[in-house]
Amino acid sequence: MKPPARSGLRPIEGLARDAAELQAALGRSIDGVVGRILHGLGTSDGCCGPSVRSGHRHVSDASARAEDAGEEAIDEGSPFTASERRILAEIEGTLERGRDLKRWWDRVHPADSFAERFELGRTFNEPDVSYGFFDSIEVGGASMPIMGNFQEMFYDRPKTPVGVHGVDAAAWMRDQMREFVLRYFMRVSDFRDPQGFAETWRPPTSGLFEPLSWCPRSGATERGFGFQQLLYKRRDSGEIGRFLDAERNRIIDLRELGSTYDWIVVKVRIFDFQFDVAPFGPGLPKLVVPLQEDSYLVVSRDLVTIEEEPEPGVLGRYGIGYSFLRNPEPGLVQYGPGEFDAAIEQITFEVREDGVVRVPMVFVANRPRQILRVDVDPLRWGAALGDLATFGLLGRLLGVPASRLLAAPPGAPGFDPVYAYVDFARFISGGLAEEVLCISREQLDKEFLVKHFEQHYQTIAGSLATWRTIRDWADEVDLPDWVVEGEGG
Amino acid sequence: MLSLPRLLESIFSGAGRVVEPGLPILELQNRLAAFLAFRGAAGWSSGGAGRADGLRTDLRRILGCSGAARLWTAEGLGYHHAEAASRSGWEEELLRRAEPLPGELLLPVHSGIGLSLATQSLAAIVRGQEDATLLLEAFLSRASRVALPGWQGTVIEALGLVARLLHPALVPLIGRSLRTVDRTSSSLFWHGVGRGLYFAPSHALSLRSAARSAAVKAIREAPGDEERVEVVSGVAWAVTLVNFGSPQVLESLLTASLPSLEGTDAVEHGVVAALLVWARGIGRDRCFQELLHHRPRSSDAAEAWERRVSEPAAVVFSGLGMGPLSGDWGGLFHHRFVSELSRFVRKASGEGAS
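Here the structure is a predicted model, which is why all the values come from computation and not from measurement.

What is the right way to read the overall build of chain B from this model?
A tally of helices and strands in chain B yields 17 helices and zero strands. Looking at chain B as a whole, 61% of its 354 residues qualify as buried. With the model as given, the accessible surface of chain B reaches about 13,400 Å², and the carbon-plus-sulfur share is 55%.

Okay, structure coming up:
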């Protein structure tokens, strides 16, 4: 007997085989499409690795784009990213403007010949000095309105009775201060507020319930300035280079400026630095302007102070000084660190013949023309929001990254809500807002200087504990690693 | 009575063998970690990409990394520097100018360089600029000029990974073309296809073990027995190295039913090769010892582990000293039986054949 024909099963087997092959082909197609998308997303963004904090772009892609934009490379096959090259292009101009400001300060300060000077801050128990000023300066043939603040505060004194090893103590103080300021200050100038906590252990709380949790949270409040050195120019060869990641916190000995280095570029993080605009008064809703946390500075020999016995009664003056670079990535905030047209800062430690250390500090910058800049461009906003929603895919198609959500492109119309409020208040009140309520641009400028005064004060006051902790700043062998490496205490 | 969770596990495991809950997520996490470490390598670069000492400087810095991140980052740095050197036109000098390089990272560096060369070559094939065979010959020629002596194979193997991940439709064409050009290169290519299969995005949301899925696909996609052995070896290599700290993932591969590969040592070669790469690149550290002495809970898995991991590893490592491994292992990816692999490693390490 013939077995029954199996012809009825063949179409089913064939269909099953076709379905399997179709599924496999579909899987391969998905692999290819997704693989190419992931490869393409990764190509220009570069890294997300351990030093994600820097987030620099792939060098050769940045070079290619810069060439397309008509920019010239510093060197052919430049090893620098596009942001770094924008910074490097600004350095000479920044140094020149910084020197202009310093020359102006050196002339006006001793003579106390400011166009306008006003009291700024007050500290108690010590005869400190503090004032702000407005003036103008010639920069590049044009007059630039400037403002600034000067403050001098007591720092330390030798704790030995006068006359008992008095001369030695003062000289020792000078030697210690020389090392501390010129070698270590920029490595240890950030610090954390002490934070009490009750030690408990709980498993990590899910994001949903975290706001309800009473468990102590980690994360101390950081204050002061955190410096990292990024780029340098060697004095002998003129070579411009980038410090290695491992060297970034170990700021050079400032005595190397002028001998080993012409200049260095430093990134500074100013912790807890924001500017409040309270149009309705204290205790009511206000606008908090977060001033640029990360800023770029250029440090050169003419802004650093190294003076031995500069005048009778002073054993030595040692100080850091720098000129502010414009942030390579423009943003919403139009004034503050990273947004100045010209600005310098100097923090000097003066050791007197009795060993007392005082710290005069000065900050000078152009007066703001704008605080915030918000572009009015609904189409651009829509594209940027779409970029956010599509995790960057739309932005790559349209060329409008989400990071530029509110930043205006050069030349685009924009408005400043802060100054707009000030001008409106003045207009609507016929000037009374300014006379009676202090709602004015000038008051905003003074508020900014007060913020700066407070920041300086905190930085110096905070550094005092570190200064006193170390027995001998000149003995590098005995210094803790976090001081030498600048990893923060 | 069959509970609902168990019923769901049975359904999702497909073949009826229950896969450990959470295993697919664990695999996905491990593969993502490897991918991100590779992609993040540019962040380790001190900006010397395209400079002679840039690669050497960057590799020395990552010697401080621990675990598999060191290997993936080294591979990423090889890719990153090769890309930069290619644009500047001096890729062939990249490794020679960068010497001396850390010996323990030569394999991942060459692999990364291979990924760069392969990506460029395949893009040209896709654009249809020239005949695929001519482009592949050019790729092989470039690989031999770029690689340090003895490491050409590692560079070529990356072609398979790139092809499977970016242009899977080209895999059969490239395989056929390479077979006519050079059989050794063809074998290495298919090993790379296996490596790429494990990272294929179509596994990303799989509710089953990605390792098993990759092995099944490897058997299905390979055109012949020789190629099948190489592809599965590549899958096993990738599964082992990516999941070095998660031996239960490797268990799921070892217990998969792969009858067509019985007696070929395909899985064994991949597993032991991965152990060698770890031992060479990172050291016979605690992670290594824990994997080697892992004891699965189920009897099936324990038997498979003993047969496919412990015994082959004992054969290969028994002839090697306890000190850091050395030597050039550029031919490691080419499939060998375990006994041959042992002889290869000893010879490459300079310890002589047994």
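Which parts of the structure should I look at to understand the overall build of chain A?
Regarding its fold elements, chain A presents ten helices and 16 strands. When the 489 residues of chain A are sorted by exposure, 45% land in the buried category. The contacts in chain A between residues at least 6 apart in sequence include a share of 67% that link residues at least 24 apart. Put simply, chain A shows about 25,900 Å² of open surface, and 55% of that area lies on carbon and sulfur atoms.

What is the right way to look at the packing of aromatic side chains in this model?
How two aromatic rings sit relative to each other is given by the distance of their centres and the angle of their planes. Residues and elements named next belong to chain A. For the structure shown, the criterion picks out 36 aromatic pairs over all chains. An angle of 40° between the planes, with centres 5.5 Å apart, marks the rings of Tyr184 and Trp473 as tilted. Residue Tyr184 is found in helix α4 (residues 166-188), and its partner Trp473 is found in the loop between α9 (441-469) and α10 (481-485); the two are separated by 289 residues along the sequence. Judged by relative accessible area, Tyr184 falls into the buried class, the value being 1%. An aromatic cluster is present here, built from Tyr155, Phe180, Tyr184, Phe185, Phe349, Trp467 and Trp473 joined pairwise through their rings. The ring of Tyr131 carries Arg117 above its face, with NZ or CZ at 3.6 Å from the centroid. The ring of Phe118 has Lys446 sitting right over it, with the charged end atom 4.5 Å from the ring centre.

I tried to follow helix α2 (residues 23-39) of chain B on my own but got confused; where do I start?
For the α-helix, the turn length of 3.6 residues means that residues three or four positions removed from each other point alike. End to end, α2 of chain B covers 24 Å across 17 residues, agreeing with the expected 24 Å (1.5 Å per residue, within 8%). Listed as buried for α2 of chain B are Leu23, Pro24, Glu27, Asn30, Arg31, Ala34, Ala37, Phe38 and Arg39 of chain B.

Teacher, can you tell me more about helix α5 (residues 91-98) of chain B here?
Residues and elements named next belong to chain B. Within α5, the full set of buried residues consists of Glu91, Leu94, Leu95 and Ala98. Buried positions in α5, seen along its axis, are confined to an arc of 80° and lie on one side of it. Looking at the packing, one finds that the buried side of α5 touches α3 (54-62), α4 (68-88), α6 (106-127) and α7 (132-146).

Help me out: how do you make sense of the environment of Arg346 of chain B in this one?
Topologically, Arg346 of chain B is positioned in helix α17 (residues 338-349). Along the backbone, Arg346 of chain B and Val316 of chain B are 30 residues apart, and their C-alpha atoms lie at a distance of 8.4 Å.

For this particular structure, what's the right way to read the pairing of strand β12 (residues 314-325) of chain A?
All names here are of chain A. In terms of burial, β12 is largely enclosed, as twelve of its twelve residues are buried. Here strand β10 (residues 294-300) pairs with β12 via three bridges, running antiparallel. Note on β12: the bridge partner recorded for Tyr296 is Leu325. In terms of strand pairing, strand β11 (residues 305-311) meets β12 through five bridges, oriented antiparallel. Within the sheet, the bridge partner assigned to Glu307 lies in β12 and is Arg317.

Sorry, what's going on with the packing of helix α11 (residues 210-221) of chain B against helix α12 (residues 225-242) of chain B here?
How two helices pack is summed up by the angle between their axes together with the distance between the axes. All names here are of chain B. Relative orientation of the contacting elements α11 and α12 amounts to 165°, with a least axis distance of 9 Å. In this view, α11 runs roughly antiparallel relative to α12, as classed from their interaxial angle. Classified by chirality, the crossing of α12 by α11 is right-handed. Residues Ala211, Ala214, Ala215, Ala218 and Ile219 of α11 form the contact with α12, whose participating residues are Arg228, Val231, Val232, Val235 and Val239. Taken together, the residues that form the contact of α11 with α12 break down as nine nonpolar, no polar and one charged.

So what exactly am I meant to see when it comes to the side chain of Arg174 of chain A here?
All names here are of chain A. Structurally, Arg174 can be placed in helix α4. Since its relative accessible area comes to 16%, Arg174 is described here as buried. For Arg174, the residues in contact, after removing those within four places along its chain, are Glu308, Glu309, Leu315, Tyr318 and Val351.

In this structure, what is going on with the confidence of the model for chain A? I would like to understand it.
Atom-level detail of predicted coordinates should not be read off regions where pLDDT is low. Residues and elements named next belong to chain A. For chain A, the mean per-residue pLDDT works out to 74, and 61% of the residues sit at or above 70. A low-confidence stretch, residues 44-76 stays under pLDDT 50, and its non-local contacts, those more than four residues away or across chains, total 57 contacts. This model gives residues 405-413 a pLDDT under 50, and the stretch forms 22 contacts once residues within four places in sequence are excluded.

What am I meant to see in the pattern of salt bridges here?
Oppositely charged side chains are able to pair whenever their charged atoms sit close together. Applying the stated rule across the entire model yields 44 salt bridges over all chains. A salt bridge links Lys233 of chain A to Asp262 of chain A; the shortest N-O distance between them is 4.0 Å. Of this pair, Lys233 of chain A sits in strand β5 (residues 222-234) while Asp262 of chain A sits in strand β7 (residues 261-270), and the two are 29 residues apart along the sequence. The partly exposed category is assigned to Lys233 of chain A, whose relative accessible area is 22%. Judged by relative accessible area, which is 23%, Asp262 of chain A ranks as partly exposed. One salt bridge connects Arg195 of chain B with Glu157 of chain B, and the closest N-O pair in it is separated by 2.7 Å. Placement of the pair is Arg195 of chain B in helix α10 (residues 183-198) and Glu157 of chain B in helix α8 (residues 152-166), with a sequence separation of 38 residues. Exposure remark for Glu157 of chain B: the relative accessible area of 0% places this residue in the buried category.

Help me out: how do you make sense of the packing of helix α13 (residues 247-254) of chain B against helix α16 (residues 299-318) of chain B in this one?
Residues and elements named next belong to chain B. Direction vectors running N to C along α13 and α16 enclose 90°, while the axes themselves pass 9 Å from each other. When the axis of α13 is compared with that of α16, the two are roughly perpendicular. In this structure, α13 uses Pro247, Leu250, Glu251 and Leu254 to contact α16, whose residues at the interface are Ala301, Ala304, Trp305, Arg308 and Val309. Among the residues forming the contact of α13 with α16, the class breakdown is seven nonpolar, no polar and two charged.

Whenever I open this one, the environment of Ala256 of chain B confuses me. Can you help?
Residues and elements named next belong to chain B. Looking at where Ala256 falls in the secondary structure, it is placed in the loop between α13 and α14 (266-281). Ala256 sits in the buried class, given a relative accessible area of 14%. On a C-alpha basis, the gap between Ala256 and Ala301 in space is 9.7 Å, while along the polypeptide they are 45 residues apart. When sequence neighbours within four positions are dropped, the list of residues in contact with Ala256 reads Arg212 and Arg308.

Can you help me understand the confidence of the model for chain B in this one?
Of the residues in chain B, 86% reach a pLDDT of 70 or more, and the chain-wide mean stands at 83. Confidence metrics for the complex model read pTM 0.49 and ipTM 0.77.

What exactly am I supposed to notice about the environment of Arg255 of chain A here?
Residue and element names in this part refer to chain A. Along the chain, Arg255 turns up in the loop between β6 (240-242) and β7. Remark: the alpha-carbon pair of Arg255 and Arg183, spanning 72 residues in sequence, is separated by 8.0 Å. Aside from chain neighbours lying at most four places away, what touches Arg255 is Arg178, Glu179, Leu182, Arg183 and Ile306. Within the structure, the side chain of Arg255 is placed 2.8 Å from the side chain of Asp253, a separation counted as a polar contact.

Quick question: what am I supposed to make of unusual backbone geometry here?
Negative phi is the rule for most residues except glycine; trans is the rule for most peptide bonds. The backbone phi angle of Asp112 of chain A is positive, close to 50°, even though this residue is not glycine. For Asp112 of chain A, a relative accessible area of 41% translates into the label partly exposed. One non-glycine residue, Asp265 of chain B, adopts positive backbone phi at about 60°. Note that Asp265 of chain B resides in the loop between α13 and α14.

Calculation rules
- Residues numbered from 1 in each chain as written.
- Chains lettered and ligands numbered in written order.
- Predicted model: local features only at pLDDT ≥ 70, side-chain atom pairs only at ≥ 80, totals over all residues.
- Heavy atoms only, no water.
- Helix = DSSP H or I, 4+ residues; strand = E, 2+ residues; numbered from the N terminus.
- Buried < 20%, exposed > 50% of the residue type's maximum accessible area, 1.4 Å probe, protein only.
- Areas by Shrake-Rupley, 256 points an atom, 1.4 Å probe, with all protein chains shown as cover.
- Contact = heavy atoms within 4.5 Å.
- Phe/Tyr/Trp six-rings, centres within 6.5 Å; stacked < 30°, edge-to-face > 60°.
- Lys NZ or Arg CZ within 6 Å of the ring centre and 35° of its normal.
- Expected span 1.5 Å × (residues − 1).
- Arc of directions from axis to C-beta.
- Pairing = 2+ DSSP bridges.
- Axes fitted to C-alpha atoms, helices over the stretch in contact; angles between N-to-C directions.
- Parallel < 35°, antiparallel > 145°, perpendicular 65-115°, else oblique.
- Left-handed = near helix turned anticlockwise from the far one by under 90°.
- Nonpolar A, V, L, I, M, F, W, Y, C, P; charged D, E, K, R; others polar.
- pLDDT = per-residue confidence, 0-100.
- Salt bridge = Lys/Arg side-chain N within 4 Å of Asp/Glu carboxyl O.
- Polar contact = N/O pair within 3.5 Å; in protein donor to acceptor, adjacent residues only side chain to side chain.

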